[in-house]
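Each chain, letter by letter, is given below.
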Amino acid sequence: MKFVDEARIHVKAGDGGNGCISFRRERFIPRGGPNGGDGGKGGDVILQTDAQLITLLDLTYPKQFRAQKGNHGKGKDQTGKSGEDLIIRIPVGTIVRDNQTEEVLQDLLFGGQRFVVAEGGRGGRGNARFATPTLRAPRRAEKGEKGQERWLRLELKLLADVGLIGYPNVGKSTLLSRISSARPKIADYPFTTLVPNLGVVNRDDYRPFVVADIPGLIEGASKGAGLGLTFLRHVERTRLLVHLLDISEGSPRDAVNDFQALKRELKAYDPSLQKKKQLLALNKIDLPSVRERATDIKNQFKKMGHRLYLISGQTGEGVEELLEEVSQTIESISDQGHG
Ligand SMILES: Nc1nc2c(ncn2[C@@H]2O[C@H](COP(=O)(O)OP(=O)(O)OP(=O)(O)O)[C@@H](O)[C@H]2O)c(=O)[nH]1
Ligand SMILES: [Mg+2]
């Protein structure tokens, strides 16, 4: 899946229709009064979030979006028809900026949210409106107002419902490729993943959700070590994190230490990340060396008040149970929007 998290688009609302200059012409009424109708309002350009969309891909082409013009007013006091609004569908989590000033115009966090980005011009008034007791036959009408237009920069900050985090090489990308149709690069060396990968997880009885595979984190990441923490902006708005642990490599790794080290990094990046719900999983349980120590480690976490899932992203062992808890957790917090 190609992931696009930025798009520049030009929006132009409809111009208002012109007011009309017209006079009543009826037999036996020599001087009929003015009856020019008003122009119709131009259509607005509206952004509307759609929970089914997960990228801004649809907006990379075309780039120009125009709403309909209002019709001109007509004689016999007929108001011109208003132009239709143009609705552009965007994913939840899109931040809308003015391209020139960079000013954030709106932050769209919930499904079905609407925001008018360019307002249609008002219709001009017809000459019927300008009649006064002293001026009975005004030959004047207004032009319709121009519709607003501007360049916008859309940025999708929310990548996912679930962020997969952990040290490099612990098997995040492998797990993502097992649970979704995403095919991230997998390799036996650290920092294989350089930008977050996204996958959609479809499970019976649950709404689909999006998982982001976040590049590996290491101690000191908040100070720039490894790839640093800039991509943590992508986990800021996930509903929950799944923290993968791996003790299979190097000098015997200590899962509890690893867990606490990354917890400190997240906290240093943004203290509010600590409040995010985290599920913990020990990966590569298919390896005998890992399986041997697994129960022990599970008990250590239990004492700290954490449930540790034992899984293998490679064979799929234990993955269903983990996904079940992920699905249920998402459902239980889905009404609160992405916080
Ligand atoms: N035995 C075993 N090996 C695994 C498992 N999951 C991943 N691996 C191996 O571990 C290595 C790293 O896997 P990746 O999925 O690339 O790890 P990652 O966490 O995405 O790594 P970075 O992108 O570098 O942070 C690869 O050689 C995988 O084949 C597992 O469950 N069991
Ligand atoms: Mg990876």
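Quick caveat, the model's predicted, so the values are computed rather than measured.

(A) Examining the nonpolar core more closely. V162, F209, V211, I311, L322 and V326 are the most contacted members of the largest nonpolar core, which has 37 residues in total. Breaking this core down by element, the ones donating at least two residues are strand 9 (162-166), helix 1 (172-179), strand 10 (197-201), strand 11 (209-213), strand 12 (240-245), helix 2 (255-269), strand 13 (277-282) and helix 4 (319-333). Among the elements that line this core, the one with the most residues is helix 4, at five residues. The residues touching V326, leaving out its near neighbours within four places in the chain, are V162, F209, L240, V242 and L279.

(B) Quick look at the site of ligand 1. What surrounds ligand 1 is a group of 23 residues, the closest being K172, T174, T192, T193 and D286. Here an oxygen atom of ligand 1 and a backbone polar atom of V170 are 3.2 Å apart. At 2.5 Å, a side-chain N or O of T174 approaches an oxygen atom of ligand 1. Considering ligand 1 on its own, with 660 Å² of exposed area, one finds that the protein chains cover 91% of that surface. Assessed atom by atom at 2 Å from the grid points, ligand 1 resides in the second largest pocket. For the shell around ligand 1, the residue count by class is eight nonpolar, 11 polar and four charged.

(C) Layout of the sheet that holds strand 3 (residues 64-66). Pairing is mixed in the open sheet, where five strands are placed in the order 3-1-8-5-6. Both outer strands of the open sheet, strand 3 and strand 6 (104-108), are each paired with one neighbouring strand and no more. With strand direction ignored, the average angle separating the axes of adjacent strands in the sheet is 25 degrees. Both strand 1 (residues 6-12) and strand 8 (residues 149-156) contribute to a ladder of seven bridges, which runs antiparallel. Counted as the bridge partner of H10 is W151 from strand 8.

Reading guide: rules and limits
Residues numbered from 1 in each chain as written. Chains lettered and ligands numbered in written order. Predicted model: local features only at pLDDT ≥ 70, side-chain atom pairs only at ≥ 80, totals over all residues. Heavy atoms only, no water. Core = buried A, V, L, I, M, F, W, Y, C linked by side-chain atoms within 4.5 Å. Buried < 20%, exposed > 50% of the residue type's maximum accessible area, 1.4 Å probe, protein only. Helix = DSSP H or I, 4+ residues; strand = E, 2+ residues; numbered from the N terminus. Contact = heavy atoms within 4.5 Å. Near = heavy atom within 4 Å. Polar contact = N/O pair within 3.5 Å; in protein donor to acceptor, adjacent residues only side chain to side chain. Areas by Shrake-Rupley, 256 points an atom, 1.4 Å probe, with all protein chains shown as cover. 1 Å grid on protein atoms, 1.4 Å probe; cavity = no way out; pocket = protein on both sides within 12 Å on 5 of 7 lines; lining within 4 Å. Sits in = over half its atoms within 2 Å of the grid points. Nonpolar A, V, L, I, M, F, W, Y, C, P; charged D, E, K, R; others polar. Pairing = 2+ DSSP bridges. Axes fitted to C-alpha atoms, helices over the stretch in contact; angles between N-to-C directions.

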